[in-house]
Number of protein chains: 4
Amino acid sequence: MGYDRPIRLGMVGGGNDAFIGGVHRIAARIDGRFNLVAGALSSTPEKAQASGAALGLDPARTYDDFKAMAIREARLKDGIEAVAIVTPNHVHYAAAREFLKRGIHVICDKPLTSTMADAKKLVKAAEDSDALFVLTHNYTGYPMMRQARQMVADGVLGNIRVVQVEYAQDWLTQHEEFKQAEWRTDPARSGAGGSTGDIGTHAFNLAAFVTGLELESLSADLQAFVSGRQLDDNAHVMLRYEGGARGMLWCSQVAPGNENGLRLRVYGDKGGIEWAQENPNQLWFTPYGEPKQLLTRGGKGAMDVAERVTRIPAGHPEGYLEGFATIYREAADAITAHRNGTAVSEDVLYPTIEDGLKGMQFVDACVRSSKRDGAWVKLG
Amino acid sequence: MGYDRPIRLGMVGGGNDAFIGGVHRIAARIDGRFNLVAGALSSTPEKAQASGAALGLDPARTYDDFKAMAIREARLKDGIEAVAIVTPNHVHYAAAREFLKRGIHVICDKPLTSTMADAKKLVKAAEDSDALFVLTHNYTGYPMMRQARQMVADGVLGNIRVVQVEYAQDWLTQHEEFKQAEWRTDPARSGAGGSTGDIGTHAFNLAAFVTGLELESLSADLQAFVSGRQLDDNAHVMLRYEGGARGMLWCSQVAPGNENGLRLRVYGDKGGIEWAQENPNQLWFTPYGEPKQLLTRGGKGAMDVAERVTRIPAGHPEGYLEGFATIYREAADAITAHRNGTAVSEDVLYPTIEDGLKGMQFVDACVRSSKRDGAWVKLG
Amino acid sequence: MGYDRPIRLGMVGGGNDAFIGGVHRIAARIDGRFNLVAGALSSTPEKAQASGAALGLDPARTYDDFKAMAIREARLKDGIEAVAIVTPNHVHYAAAREFLKRGIHVICDKPLTSTMADAKKLVKAAEDSDALFVLTHNYTGYPMMRQARQMVADGVLGNIRVVQVEYAQDWLTQHEEFKQAEWRTDPARSGAGGSTGDIGTHAFNLAAFVTGLELESLSADLQAFVSGRQLDDNAHVMLRYEGGARGMLWCSQVAPGNENGLRLRVYGDKGGIEWAQENPNQLWFTPYGEPKQLLTRGGKGAMDVAERVTRIPAGHPEGYLEGFATIYREAADAITAHRNGTAVSEDVLYPTIEDGLKGMQFVDACVRSSKRDGAWVKLG
Amino acid sequence: MGYDRPIRLGMVGGGNDAFIGGVHRIAARIDGRFNLVAGALSSTPEKAQASGAALGLDPARTYDDFKAMAIREARLKDGIEAVAIVTPNHVHYAAAREFLKRGIHVICDKPLTSTMADAKKLVKAAEDSDALFVLTHNYTGYPMMRQARQMVADGVLGNIRVVQVEYAQDWLTQHEEFKQAEWRTDPARSGAGGSTGDIGTHAFNLAAFVTGLELESLSADLQAFVSGRQLDDNAHVMLRYEGGARGMLWCSQVAPGNENGLRLRVYGDKGGIEWAQENPNQLWFTPYGEPKQLLTRGGKGAMDVAERVTRIPAGHPEGYLEGFATIYREAADAITAHRNGTAVSEDVLYPTIEDGLKGMQFVDACVRSSKRDGAWVKLG
């Protein structure tokens, strides 16, 4: 295996006390494929500088705003080749646009944007750019989700009939008190969806990733249980996929006892699978008429597509950060191929701007359906 | 504690190879409160006789049809005091009526009947009778479900917001081949609901039992995935309860790997509970802001209402038959009180004909909503 | 299947507040193969009478002492055919002898007796009697333990190398306060072993039942952690089986959080099994080099020997009482064959007096080894 | 929080296809506290060069042997400040010595060495050096193990009575076929212990880390089940701790179905804890007389000592690499303090050379005891 020089990475957002910025930085480091060399880490100048210093960034490459960063880095001989955008949702579009137009690859947190209008403009901006756009639906990086996808594609489950997907948390059960919650429950910064946007998009994306099914329509019942909350904190959604499969999606941020309960179950006429993110190294496989099998990451029964994104042996648990890092590693493979002018392997999988647009359409459809008392609506 | 003579019991249905008849007989025996002394065990005379003989019944009290049994037993000095009706659904009404009109208590399997019309007539018949009517929604007999109900009633979970209930099986994944499946997928014998009637009613009933909530309306999407099947084998239902709680109900008989997956989760603004029938001795309790607790039947934290229906210590698992037997024991308490002319304790809980009617209304509403493309419909 | 008249059963011990007496009564009732018709339920006459009345026994057959009961019942035309002995251990021998000598079958709780001397005399008494002797090592009644035994016998696991068995409880963690604890920690009534006798014998027996291996020698380290306690409440034992397999056995009654934690793991050169009593319907099967399989009672992969002792379908959990009832049902088969002068099927399995003697030898060896600082000692 | 320049790191061993070298490299990267700048990655020159190139190391700092590396790097102005030693065990001493004598900090894989003689010499070498010595008993880096240790220290479990620790794997069940197995079953390279050295030392260390107890003596029964194997592949050990606690330790590499089954249970007179490495984010806490609690990394009930080594929120699983990285981060804190001439915080915890020596003594004692038929022997 040859060696490719690490990719020079910048970051927008992710200042000192932001959760997801730290996650992106660790994910970028795990496989040694990126070097963080520049940042516009906060829209508050003092905080931007302090955050850059804490990370050991060159002060000359610690910027107060993302546009200045895009302009200058694009001119530097050793400027950044890629940027991670980890701001609140409403900033995604404006930030991504500046980098895309200058040929800098974008790795962007989900959901894609805060409005459908922004989403469409961002799709256009990405189409007009030679740069890559990677959306961090990180749960698709888990080895057992890669395996599940392949099992479905190989027909191991037969024709898919039923999809049960849920994503339950409890951190918004009562009145929010801290920064994380603040922007996520503010329509201006978060967008039209609350739990649907923040976690429902993950659930929707993961179900699509694994099953390969396109959603035909959905019927949604959204709630904001906490008094005064403007965005949904719980959502019940019925799904109809093209080809006849049906599903249910539940997302909630008011379900006490659920820390990060993303769970996927898929059933076909030949078998089923069950997976839960909180113990991601296991995948139940239930072939119809045979005993249940517990497949493990790196263990017996693990397929090539899972092994490809597995770092350490079975029984040595990989977690959230490794799954996230796999998205970064896939992005690195694609960016490196782009740099080298070579084709990227078909094995490389990462969520694209199209996935991001579908996620936005999912949120939009949930909101529209719920307003129409659960009428079945199509995406887009 | 004094001793009350066991109740003389008859049985309608439950011939040699029927599953649920054997379950009722064991349930009736476990606490020694019933003696099975008569039966009309099959509508086929030879099978009725053979089945009676295999159970050691007096041939003189082994009947070929339930009406003859009702007539004669009502006249015997030591005739049956109660009858268990364990036939296919479409026979429930006609059989129950004969016993109710003669003052013989009825213990009837669910769902109540095969048609709404029969259900209403049976409610009338029960109202006109002095005899008791007990419906075997057996899952309400589990100690941890008694505890969950009490915890909700005591406000431990706060205001209930979200109910997630599901009942998944896999035995109808492919074309049915055996008798159990045969009548259950035949509208004439089973009724308008397939999985909704057979297991959805259990799920609906259990959620109501635990939460004490009344359903306001539902939106359903029913499927018959197996080609040629006339009744639903999978159903997705969204629920709106009076008072603002919302829920989802999934029932399926085509989900490979699910043996008898009845699972209930209830979330309020102060905490949640989670329970799964396949390991019924455990109840997760998740008070908001505190560590999760695993409550166990008979263990620390078990409440009086659970202990009352617990036979053996913690760690010595009780199962399905014990839960079922608890319904029989509750029935025995009520019947004995009726015999003695005394009041039955308020602690005694068993599903009634009203619960049965609600179950029928639930199935009816699911079918109506699904035909109207998921429109929200009210029960009844 | 023909019908055999239920066996007339008596009981010694098991008065009002005894745990294990109630268990035996339910176990005897579940399959309808026994009728309890006589009892010497307590050594205290008033309690014996009250307990008999509470069970609805004929006062004429409610005895104040077991010897009177044995003498009179043996003379009655419809006297008891079998007796369940559920007293504290030190009474087992004297009681069993009286019934065995009169040809009345004995179903006796474990351990066999309180002393080795009594055990040997009881073996002699059983040999001299035409009556059967059944020891209620009830855990051998669980379907998945039947299956595990058969899998080992069939060579599915290959040559057995390692046995890990443990039985952990917590009810004696602090100073005992109630009757159950009282006699169990008194050497005069319980015997030389505390936890080793009460639960270690179960663990030892179950390992032998499943593996078919004979113990060659053991090395034990016994402790009495609670101040003033005369008998072991925790024991660590290393095992050497004939043929080269090795094992470890841990039993404890001072391990907080363990309710009734009997757990067995067996590993051979081709595969392993894992089972835990608290969820007895599951058996892990781990063929070397293949994915783990979760076998379920009544489910796919269940073998005939398991199905034979299974009452209800997969996913409908059977528990402790059903496993116990299986020992009673096996006893009923054997007693009925004895009554009819026919041979009992080879499928019928129940623990015998030889198993009881081995259990006594196990306790004796543990005590001897521990006194000799863990020297390896042989049984017997 | 200020920023400290990353530590310049070298590596000895860890060439292309070595498992543990890759683990160390990721662990060193996760928190960005080290930069790998030099390596003697293999004792085969071609492989050393190829491995260095694959990692992007400067060819001038890719060495063919560790001594040359130690000599040159010590002279470089920007030479390595620390070295990770990840060779087979028999090389640990010679390699570590060269770096320690030149003031380069050592981060060494376990067990400490392959012989007791080497271990003692290495202790001397470390004492004579100003450099730090860190042993990667990585399991002590898991947040829930930090919490467990603190709970014991705080007396939450009361007086510790019983320790049950086990480490089961299955990869040596049959004849070894690949490199990993090769040196680990060769006494010349691995040392006197097989499974005891490779994984038993981890189990022993973790039990000591959590309980704070010193081992007084042990009694061991070691086996080599695979024909021709020279080192133990399964070991049963009874433990006596100072102060009266007792324990059992099982380690095995021939237990099919066990991937990396390190499991610890500790019981005191007030409560217990249970933890399993394969799902390390959970810790059962069982206060005596109260419901069981499931504590989670980052969740409610997590203590400061756990939060300190937690990177991401509850429900976002951290795994093996993060636990390993915590040892590296602790080492970085200590090395940075050393560089800055400041005191290291008391919160910083990492396994030391003394822990390594105890591990060697543990293996030695196991071998001695087993040869003497399980006699109780003291460590050291």
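Here the structure is a predicted model, which means the values were calculated and not measured.

Visitor: Before we move on, could you go through the UniProt feature "domain: Gfo/Idh/MocA-like oxidoreductase N-terminal" (unreviewed entry) in chain A and cite the residues and values that matter?
Guide: UniProt marks residues 7-134 of chain A with the feature "domain: Gfo/Idh/MocA-like oxidoreductase N-terminal" (unreviewed entry), using the numbering shown here. For the annotated span residues 7-134 of chain A, helix accounts for 44% and strand for 18% of the residues, and the straight-line distance between the end C-alpha atoms is 15 Å.

Visitor: Let's hear about the interface of chain A and chain B: which residues, and what values?
Guide: Contacts between chain A and chain B engage 44 residues on the former and 44 residues on the latter. Across the chain A to chain B interface the summed buried area is about 3,600 Å²; carbon plus sulfur atoms make up 55%. Ranking the residues of chain A by area buried against chain B places Arg161(A), Pro256(A) and Tyr288(A) at the top, with a combined share of 18%. Applying the counting criterion to the chain A and chain B interface returns eight salt bridges. Between Asp221(B) and Arg240(A) there is a salt bridge, with the nearest N and O atoms lying 3.0 Å from each other. Counting across the interface, chain A meets chain B through 22 residue pairs in polar contact (both at pLDDT 80 or more). Counting only elements with at least two residues in the side of chain A that touches chain B, the list comes to strand 6 (160-168), strand 7 (215-223), strand 8 (234-241), strand 9 (246-252), strand 10 (261-268) and strand 11 (271-276) of chain A. Of the residues assigned to the side of chain A that touches chain B, the class counts are 16 nonpolar, 16 polar and twelve charged.

Visitor: With reference to specific residues and values, describe the interface of chain A and chain D.
Guide: Contact residues are listed per partner, giving 34 residues for chain A and 34 residues for chain D. Counting the contacts that link chain A with chain D gives 13 residue pairs in polar contact (both at pLDDT 80 or more). For the side of chain A that touches chain D, the elements supplying multiple residues, two or more each, are helix 1 (19-30), helix 2 (45-54) and helix 11 (320-340) of chain A. Ranked by the residues each element gives to the side of chain A that touches chain D, the list is headed by helix 1 of chain A, at five residues. Class assignment for the residues of the side of chain A that touches chain D results in 18 nonpolar, ten polar and six charged.

Visitor: Describe the pairing of strand 9 (residues 246-252) of chain C, and please don't skip the residues or the numbers.
Guide: Residue and element names in this part refer to chain C. Taken across its seven residues, strand 9 has six buried, putting it largely inside the fold. Bridge analysis of strand 6 (residues 160-168) against strand 9 gives seven bridges, and the strand direction is parallel. Of the residues in strand 9, the one forming a bridge with tyrosine 167 is cysteine 251. Looking at chain direction, strand 8 (residues 234-241) and strand 9 are connected through seven bridges and run antiparallel. Opposite valine 237, over in strand 9, you have leucine 249 as the bridge partner.

Visitor: Can you lay out the domain arrangement of chain A for me, pointing to particular residues and giving the numbers?
Guide: Residues and elements named next belong to chain A. For chain A, the domain assignment lists domain 1 (7-131) and domain 2 (142-312 + 357-371). Each of domain 1 and domain 2 has a C-alpha centre, and the two are 27 Å apart. In this complex, domain 1 contributes 18 residues to the contact, which on the side of domain 2 involves 17 residues. Linking domain 1 with domain 2 are two salt bridges, by the criterion used here. Aspartate 198 is the partner of lysine 110 in a salt bridge, and the nearest nitrogen-oxygen pair spans 3.5 Å. At the surface where domain 1 touches domain 2, the tally comes to three residue pairs in polar contact (both at pLDDT 80 or more). No other element matches helix 5 (residues 116-127), which puts three residues into the side of domain 1 that touches domain 2. Tallied by class, the residues present in the side of domain 1 that touches domain 2 amount to nine nonpolar, five polar and four charged.

Visitor: With reference to specific residues and values, describe the sheet that holds strand 3 (residues 82-85) of chain D.
Guide: All names here are of chain D. What the five strands build is an open sheet, ordered 2-1-3-4-5; its pairing is parallel. Every interior strand has two partners, whereas the edge strands, strand 2 (34-40) and strand 5 (133-135), have only one. Ignoring strand direction, the axes of neighbouring strands in this sheet form an average angle of 25°. Pairing of strand 4 (residues 105-108) with strand 5, which is carried by three bridges, proceeds in the parallel orientation. Among the inter-strand pairings, isoleucine 107 is bridged to a residue of strand 5, identified as valine 134. Against the sheet, helix 11 (residues 320-340) touches strand 1 (7-12), strand 2, strand 3, strand 4 and strand 5, its axis set at about 125° to strand 1.

Visitor: Now, about helix 1 (residues 19-30) of chain B: what can you tell me, with residues and values included?
Guide: Helix length check: helix 1 of chain B, at twelve residues, gives a terminal C-alpha distance of 17 Å against a target of 16 Å (1.5 Å per residue), a fit within 8%. Burial analysis of helix 1 of chain B places ten of its twelve residues in the buried class, which makes it a mostly covered element. Residues of helix 1 of chain B that are buried: Ile20(B), Gly21(B), Gly22(B), Val23(B), His24(B), Arg25(B), Ile26(B), Ala27(B), Ala28(B) and Ile30(B). Packed against the buried residues of helix 1 of chain B are strand 1 (7-12), strand 2 (34-40), strand 3 (82-85) and helix 11 (320-340) of chain B together with helix 1 (19-30) of chain C. Note on helix 1 of chain B: the residue one or two positions beyond its end, Gly32(B), has a positive phi of about 70°.

Visitor: Explain the sheet that holds strand 1 (residues 7-12) of chain A to me, using residue names and the numbers behind them.
Guide: Residues and elements named next belong to chain A. The five strands are arranged 2-1-3-4-5 in an open sheet whose pairing can be described as parallel. Pairing within the sheet leaves two strands with one partner each, and these edge strands are strand 2 (34-40) and strand 5 (133-135). Averaged over all pairs of adjacent strands, the angle between their axes in this sheet comes to 25°, without regard to strand direction. Looking at chain direction, strand 3 (residues 82-85) and strand 4 (residues 105-108) are connected through four bridges and run parallel. The residue bridging alanine 84 from the neighbouring strand is isoleucine 107, located in strand 4. Sheet strands touched by helix 1: strand 1, strand 2 and strand 3. Its angle to strand 1, the strand with the most contacts, is close to 175°.

Visitor: Quick one: what's the story with the pattern of salt bridges, residue by residue and with numbers?
Guide: All names here are of chain A. As enumerated under the stated definition, the model contains 99 salt bridges over all chains in all. Residue arginine 61 pairs with glutamate 73 through a salt bridge whose shortest N-O separation is 2.7 Å. With arginine 61 in the loop between helix 2 and helix 3 (66-75) and glutamate 73 in helix 3, this residue pair connects regions lying twelve residues apart in the sequence. For arginine 61, a relative accessible area of 13% puts it in the buried group. Of the charged contacts, one joins arginine 229 and aspartate 233 as a salt bridge, the two residues approaching to 2.7 Å between their closest N and O atoms. Residue classification places arginine 229 among the buried positions, given a relative accessible area of 9%. Relative accessible area serves as the criterion here: at 0%, aspartate 233 is assigned to the buried category. One connected set of salt bridges, linked through shared partners, spans Asp31, Arg297, Arg311, Glu318 and Arg329.

About the thresholds
Residue positions are given per chain, counting from 1 as you read along its sequence in written order. To read the labels, note that chains go from A and ligands from 1, taken in the order they are written. Totals for whole chains, interfaces and linings use every residue, but because this is a predicted model, local features are given only for residues with pLDDT of at least 70 and side-chain atom pairs only at 80 or more, for both listing and counting. As a rule here, side-chain values come from all non-hydrogen atoms in the structure, and water together with hydrogens is ignored. UniProt positions are given in the numbering used here, feature names are shortened, and annotations may be inferred rather than shown by experiment. Strands here mean DSSP runs of E at least two residues long; helices mean DSSP runs of H or I at least four residues long; both are numbered from the N terminus. What makes two residues a contact is simply this: any of their non-hydrogen atoms within 4.5 Å. Here the quantity called buried area is the accessible surface, traced with a 1.4 Å probe, that two parts lose on coming together, added over both. A side-chain nitrogen of Lys or Arg and a carboxyl oxygen of Asp or Glu constitute a salt bridge if their distance falls within 4 Å. Between N or O atoms, a polar contact is any pair within 3.5 Å; within protein, one atom must be a potential hydrogen donor and the other a potential acceptor, and residues adjacent in sequence are included only when both atoms are from side chains. Classes in brief: Ala, Val, Leu, Ile, Met, Phe, Trp, Tyr, Cys and Pro nonpolar; Asp, Glu, Lys and Arg charged; the others, Gly included, polar. Three exposure classes are used, based on accessible area relative to the maximum for each residue type with a 1.4 Å probe and protein chains only: buried under 20%, partly exposed in between, and exposed over 50%. Two strands form a pair only when DSSP identifies at least two bridges running between them. A domain assignment, automatic or from a database, supplies the domain bounds used here. Between N-to-C directions, angles cover 0 to 180 degrees, with each direction set by a line fitted to C-alpha atoms, over the stretch in contact for helices. To estimate how far a helix should reach, multiply one less than its number of residues by 1.5 Å.

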